[in-house]
Amino acid sequence: MDTLVRFLPIIAPILIIQLILLIVSIIDLVKIERTNGPKWLWALIILFINIIGPILYFVIGRRSN
C-alpha cells in the first residue's frame, strides 16, 4: 500500500492523459467519414493498445481530405 501512495503522483497524470486520448480519439473516429483502414480495426487499436493506440490513430489512421 505504501508503494502505491508513493507512485500515485507519477501514475495519475499518465492515466489522465490516457483517458483524454482515448475519449478524443474514439469521438473523432465516430465523427470522421473515412480512415486509412477499417474503422473497426482502429477502434480495437485505440481501445487495446493503451497510450500508443490513440497516438497511432491520429498519426496514421486519420485520412486527410
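My aim in this report is to walk through the structure given alongside it, one point at a time. (Residues numbered from 1 in each chain as written. Predicted model: local features only at pLDDT ≥ 70, side-chain atom pairs only at ≥ 80, totals over all residues. Heavy atoms only, no water.)

With that out of the way, let us pick up the pattern of salt bridges. Applying the stated criterion across every chain, the model contains one salt bridge. For arginine 62, the salt bridge is made with aspartate 28, and the minimal N-O distance between the two is 2.7 Å. Pair noted here: arginine 62 is in the segment after helix 3 (52–61) and aspartate 28 is in helix 1 (residues 2–31), with a separation of 34 residues, a long-range link. By relative accessible area, arginine 62 is classed as partly exposed at 37%. (Salt bridge = Lys/Arg side-chain N within 4 Å of Asp/Glu carboxyl O. Helix = DSSP H or I, 4+ residues; strand = E, 2+ residues; numbered from the N terminus. Buried < 20%, exposed > 50% of the residue type's maximum accessible area, 1.4 Å probe, protein only.)

This paragraph deals with the packing of helix 2 (residues 39–48) against helix 3. The N-to-C vectors of helix 2 and helix 3 enclose an angle of 145 degrees; their axes lie 7 Å apart at closest approach. Packed against helix 2, whose contacting residues are Trp42, Ile45 and Ile46, the element helix 3 presents Gly53, Pro54, Leu56, Tyr57, Ile60 and Gly61 at the interface. Residue composition of the contact of helix 2 with helix 3, by class: seven nonpolar, two polar and no charged. (Axes fitted to C-alpha atoms, helices over the stretch in contact; angles between N-to-C directions. Contact = heavy atoms within 4.5 Å. Nonpolar A, V, L, I, M, F, W, Y, C, P; charged D, E, K, R; others polar.)

Below, the discussion takes up the side chain of glutamine 18. In this structure, glutamine 18 sits in helix 1. You can call glutamine 18 buried: its relative accessible area is 14%. Not counting residues within four places of it along the chain, the set of residues in contact with glutamine 18 comprises Asn50 and Ile51.

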